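# Notes for the structure review
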Amino acid sequence: MGSMPSLSFRRINYCPWRHNIRSIPSLSSSSYSVACSLSSPSPSPSASAECSGEEAQSITTTTTTTNPKSEKKSKKSSSSSYFPKRGQTLELVCESLAFKAKGVCKVADTGFVVMCDRALPGERFIGRVTRKKDNYAQVAKLETISPHWDFVEAPCEYASHCGGCKTQNLLYEAQVRLKEQQVLDLVVHVGKFSDKDPEFSTIMKPIVPCDIQFHYRNKMEFSFGAKRWVPKEQLQEERDETDAFALGLHAPGFFDKVLNVSKCLLQTEPANKVLAVIQDCWRDPELRLSPYNCHSHAGFLKHLMLRTGRDIDTGLPELMVNFVTSSYKPELLKPLVEKIEAFPEVVSIINNVNTSVGNTSVGEEEYTLYGKSTITEVLRGLTFQISANSFFQTNTHQAEVLYKLIEDTACLKGDGSEIVLDLFCGTGTIGLTLARRVKHVYGYEVVPQAISDARINAKLNGICNATFIQGDLSKIGENFGNEFPKPDAVITDPNRPGMHIKLIKYLLNLKAPRIIYVSCNPATCARDLDYLCHGIVEKDIQGCYRLRSLQPVDMFPHTPHIECVCLLELS
């Protein structure tokens, strides 16, 4: 597929959701190799620069002249243009969006690839080179000359500074169009599937958009910080000592600075009400509450986690508030507890105590300060109990769509005769939703608490044909698989790094008729699909599956994250 010309202003016109994905211009091979190097922890061998530095430089020094000094100057100027130096300022145009929402640009006349965070397709801007690699550079955007295509005003006041919603000022239809193209490019360049194959257009399915673009998250985690990050334009404003404290989200690129947030448009309205009340009072000196300082390791408050569920009888929202602190001092939290327990939606207030110096929100000890220790949610007709540290899909509405898609993709007979192996099962949500149609589900997960939650959820829903086993799927041995019969279908839902090579080898030897690969990282998904279908030549591993369908799903609007559901069938 051809790339867009350098410094062009070509517009991608809006088209309906189920458009032809081939109509969208994709990244060139060299551009995409750079994008893949940024997104994939274990890039495909093919994801390398299209040409070497010497080849690239020879392309840029084709000007002919009879003056040696002029020729030398021309070469120096061209070389400088092709290999921008750190600190150099460039005028650029963003051509496309790579995975993780990195804007892909090219230096004028040379094609040298430049990546810029928060640059969107069509945007002309001034950028400063911050980092230089062999085949690309990274720039920081200094000033926008002309806006990007499909521009909309971001409704969130923090959108320009928060690292969560990088594309909130991009029309949603354009967001999903770009996400779909990113998946396609990864499948071609990393997965090594040919888009010239007649079956390719039927394998790649149009992306499923999300009907709800705001207030869709059922879980948000905020950090307390001793150093507040403020935009440059607010640096001159006078602040007292407590104004240096912050409760919000970490500023992009800073582990020790927090952007103060009073409202997040991604979380539910009840959660925002609780956040506002806590923001109003936690800095009061009389309460003697101090934010944790990650440098001195002093301070009490570390994190605030807000989770929203649903009452199974009334259908009304129920909220869990979880304070993560450095020690157990309930008397210090009592004033905050008394204020937020007044909200009828708040049914649980938890205190996780984390004495380590790390930034994790999972505590070594957990205390219930008010109400019950869990909240509930209904998904695919099943009831799930959610504890403070349980994994649960953070977009409940779109999880219904995703799990229905997984069930349809699994092609189950529905007569109760099949065995399903559920890898990376978490709290068992996928396996339990399939259990009513199969003979037995066997789930594996490394986190002990998740396995405990899965067993509780199975019992809560009266499901007896599901077995959940705790184990690390990256450290499987020769005896793995002795606990269950050969499955008819394997569901694998790994975290962002994808599957370990040991597990891939096991699946290739197991030869289950179908594998349903659910991925939250299309880069590592494409790599694993390549291994399962094409094998690994250098390791003398042969692939034995055929990719039958790949369905992108937008679970998180305004963010770079993409979910994919893939069907693999034994060749």
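Before any of the text, the structure's been laid out above.
Residues numbered from 1 in each chain as written. Predicted model: local features only at pLDDT ≥ 70, side-chain atom pairs only at ≥ 80, totals over all residues. Heavy atoms only, no water.

### Considering the packing of helix H11 (residues 501-510) against helix H12 (residues 522-534)
Look at H11 against H12: their axes get within 10 Å of each other, and the N-to-C directions meet at 35 degrees. Between H11 and H12 lies a crossing of right-handed hand. Listed contacts from H12 to Ile501, Ile504, Leu507 and Leu508 of H11 are Asp528, Tyr531 and Leu532. Classifying every residue of the contact of H11 with H12 by side-chain character gives six nonpolar, no polar and one charged. (Axes fitted to C-alpha atoms, helices over the stretch in contact; angles between N-to-C directions. Helix = DSSP H or I, 4+ residues; strand = E, 2+ residues; numbered from the N terminus. Left-handed = near helix turned anticlockwise from the far one by under 90°. Contact = heavy atoms within 4.5 Å. Nonpolar A, V, L, I, M, F, W, Y, C, P; charged D, E, K, R; others polar.)

### Thoughts on a positive patch on the surface
Among the surface-exposed residues, Lys475, Lys502, Lys505 and Lys539 lie close enough to one another that they form a single positively charged patch. By the secondary structure assignment, lysine 539 is in the loop between H12 and strand S21 (545-553). (Patch = residues over 30% accessible without salt bridge, like charges linked within 9 Å, V, L, I, M, F, W, Y side chains within 5 Å. Areas by Shrake-Rupley, 256 points an atom, 1.4 Å probe, with all protein chains shown as cover. Salt bridge = Lys/Arg side-chain N within 4 Å of Asp/Glu carboxyl O. Lys, Arg positive; Asp, Glu negative; His and termini not counted. Charge placed at Lys NZ, Arg CZ, Asp CG, Glu CD.)

### Overview of helix H6 (residues 269-281)
Helix length check: H6 (13 residues) gives 19 Å between terminal C-alpha atoms against 18 Å at 1.5 Å per residue, within 8%. Looking at H6, one finds that the buried residues are Pro270, Ala271, Asn272, Val274, Leu275, Ile278, Gln279 and Cys281. (Expected span 1.5 Å × (residues − 1). Buried < 20%, exposed > 50% of the residue type's maximum accessible area, 1.4 Å probe, protein only.)

### Regarding the state of the cysteines
By the definition in use, this model includes zero disulfides. With no disulfide of its own, cysteine 156 lies 6.3 Å from the sulfur of cysteine 165, the closest cysteine sulfur. (Disulfide = S-S within 2.5 Å.)

### Description of the pairing of strand S3 (residues 113-117)
Taking burial as the measure, the five residues of S3 include four buried ones, the bulk of the element. Taken together, the five bridges between strand S2 (residues 102-106) and S3 define a ladder with antiparallel strand orientation. Bridging across to S3, glycine 103 finds its partner in cysteine 116. (Pairing = 2+ DSSP bridges.)

### Regarding the pattern of salt bridges
For the structure shown, the criterion picks out 16 salt bridges. With its nearest N and O atoms 2.9 Å apart, the salt bridge here joins glutamate 123 to lysine 141. Note that glutamate 123 is positioned in the loop between S3 and strand S4 (124-132) and lysine 141 in strand S5 (residues 136-146), a separation of 18 residues in sequence. The residue arginine 548 makes a salt bridge to glutamate 569 at a minimum N-O spacing of 3.2 Å. Highlighted residues: arginine 548 in strand S21 and glutamate 569 in strand S22 (residues 563-570), separated in sequence by 21 residues.

### Brief notes about the sheet that holds strand S20 (residues 514-519)
Taken together, the seven strands give an open sheet; going across it, the order is S18-S17-S16-S19-S20-S22-S21, and neighbouring strands pair in mixed fashion. In this open sheet, the two strands that pair with only one neighbour each are strand S18 (466-470) and S21. Strand-to-strand twist of the sheet, defined as the mean angle between neighbouring strand axes without regard to direction, takes the value 15 degrees. Inspection of the sheet shows S21 paired to S22 by eight bridges, in the antiparallel sense.

### Points about the pairing of S4
Both faces of the sheet carry side chains from a regular strand, because those side chains alternate between them. Relative to S4, strand S1 (residues 89-98) runs antiparallel, the two being bridged by five bridges. Residue pairing for S4: valine 93 is matched across the bridge by arginine 124. When S4 meets S5, the two strands line up antiparallel, connected through eight bridges. Note on S5: the bridge partner recorded for lysine 132 is alanine 137. Between S4 and S5, which pair antiparallel in sequence order, lie three residues.

### A look at unusual backbone geometry
Although it is not a glycine, lysine 192 sits at a positive phi angle of roughly 65 degrees. Following the sequence through the fold, lysine 192 ends up in the loop between helix H4 (172-189) and helix H5 (200-203). One non-glycine residue, cysteine 411, lies in the positive phi region at around 55 degrees. Here cysteine 411 is to be found in the loop between helix H8 (396-410) and strand S16 (419-423).

### Comments concerning the packing of H4 against H12
For the pair H4 and H12, the least separation of the axes is 9 Å and the interaxial angle reads 30 degrees. For the pair H4 and H12, the crossing hand works out as right-handed. Here Val183, Leu186 and Val187 of H4 come into contact with H12, specifically with Pro522, Ala523 and Ala526. In terms of residue class, the contact of H4 with H12 is built from six nonpolar, no polar and no charged.

### Points about the side chain of threonine 325
Summarising the element assignment, threonine 325 is placed in strand S11 (residues 317-325). Here the side chain of threonine 325 touches serine 327 through a polar contact of 2.7 Å, landing on its backbone oxygen. A polar side-chain atom of threonine 325 sits 3.1 Å from a polar atom in the side chain of asparagine 351. Apart from the residues within four sequence positions on either side, threonine 325 is in contact with Phe300, Leu301, Lys302, Leu333, Asn351, Asn352, Val353 and Asn354. (Polar contact = N/O pair within 3.5 Å; in protein donor to acceptor, adjacent residues only side chain to side chain.)

### Describing the side chain of threonine 524
For threonine 524, the location among the structural elements is in helix H12. A polar contact of 3.2 Å, which involves the side chain of threonine 524, links it to the backbone oxygen of asparagine 521.

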